[in-house]
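Now for the letters of each chain:
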Amino acid sequence: MRRGFTLIELMIVVAILGIATTGAVGMQNAETAKRASQLSVQERALQCLEHEASAITRGVAADAVERAALLKEVPGAALESKAVGADATALTLRFRTVYGPQERTLVVFGRPR
């Protein structure tokens, strides 16, 4: 009675493992690209909030042209400003990413003009 595997059996196993590994690496690359896209959109959203917050803390009106340019870079962006107390403003930005809708809120102390 023989023991062990033949060379062809080992080659088949190696080929199957290679195919499975290739598929897993491809899926990981796709997920990495989606994550990078999401992080890029989130960073642009934070830039929009920082632009508005900067204007509030300086006590000036935010530049409408710059605001429009920043919001244009964020898919589905909707910026909302709401007073939350005597001297605070909540800036909320709703937007879409590859993982679905998201929302970021920043509370700024100061009054918008």
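Predicted, not measured: the structure shown is a model, and the values here were computed from it.

Reading the values: rules and limits
Residues numbered from 1 in each chain as written. Predicted model: local features only at pLDDT ≥ 70, side-chain atom pairs only at ≥ 80, totals over all residues. Heavy atoms only, no water. Helix = DSSP H or I, 4+ residues; strand = E, 2+ residues; numbered from the N terminus. Rg over C-alpha atoms; globule rule 2.2 N^0.38 Å. Buried < 20%, exposed > 50% of the residue type's maximum accessible area, 1.4 Å probe, protein only. Contact = heavy atoms within 4.5 Å. Areas by Shrake-Rupley, 256 points an atom, 1.4 Å probe, with all protein chains shown as cover. Lys, Arg positive; Asp, Glu negative; His and termini not counted. Charge placed at Lys NZ, Arg CZ, Asp CG, Glu CD. Pairing = 2+ DSSP bridges. Axes fitted to C-alpha atoms, helices over the stretch in contact; angles between N-to-C directions.

J.: So what exactly am I meant to see when it comes to the overall build of the chain here?
T.: For the chain, the count of helices and strands is two helices and three strands. Beginning at the N terminus, the succession of helices and strands in the chain can be written as α-α-β-β-β. A globule of 113 residues ought to have a C-alpha radius of gyration of about 13 Å, yet the chain, at 26 Å, is considerably larger. Counting only C-alpha atoms, the chain reaches 90 × 25 × 20 Å along its principal axes. Counting only residues that meet the buried cut, the chain has 23% of its 113 residues in that class. Restricting to contacts in the chain with at least 6 residues of sequence separation, those with at least 24 account for 40%. In the form shown here, the chain has an accessible surface area of approximately 8,000 Å², with 62% of it arising from carbon and sulfur atoms. If the 14 positive side-chain charges of the chain are averaged to one point and the 11 negative ones to another, these points end up 6 Å apart.

J.: Just to check I follow, could you spell out the sheet that holds strand β3 (residues 100-109) for this structure?
T.: Picture the strands of a sheet paired through backbone hydrogen bonds; they go either parallel or antiparallel. If you walk across this open sheet you meet the three strands as β1-β2-β3, and the pairing is antiparallel. Each having just a single partner strand, β1 (78-83) and β3 make up the two edges of the open sheet. Taking each pair of neighbouring strands and ignoring which way they run, the sheet shows an average axis angle of 20 degrees. With ten bridges joining them, strand β2 (residues 88-97) and β3 adopt antiparallel strand pairing. Within the sheet, the bridge partner assigned to Thr89 lies in β3 and is Val108. Running over the sheet, helix α1 (residues 7-58) touches β1, β2 and β3 and is turned about 160 degrees from β2.

J.: Explain the pairing of β1 here, please?
T.: Across a regular strand the side chains alternate sides, sitting on one face of the sheet and then on the other. With six bridges connecting them, β1 and β2 associate as antiparallel partners. Within the sheet, the bridge partner assigned to Ala83 lies in β2 and is Thr89. Between β1 and β2, which follow one another and run antiparallel, lie four residues, and Gly85 among them has a positive phi close to 125 degrees.

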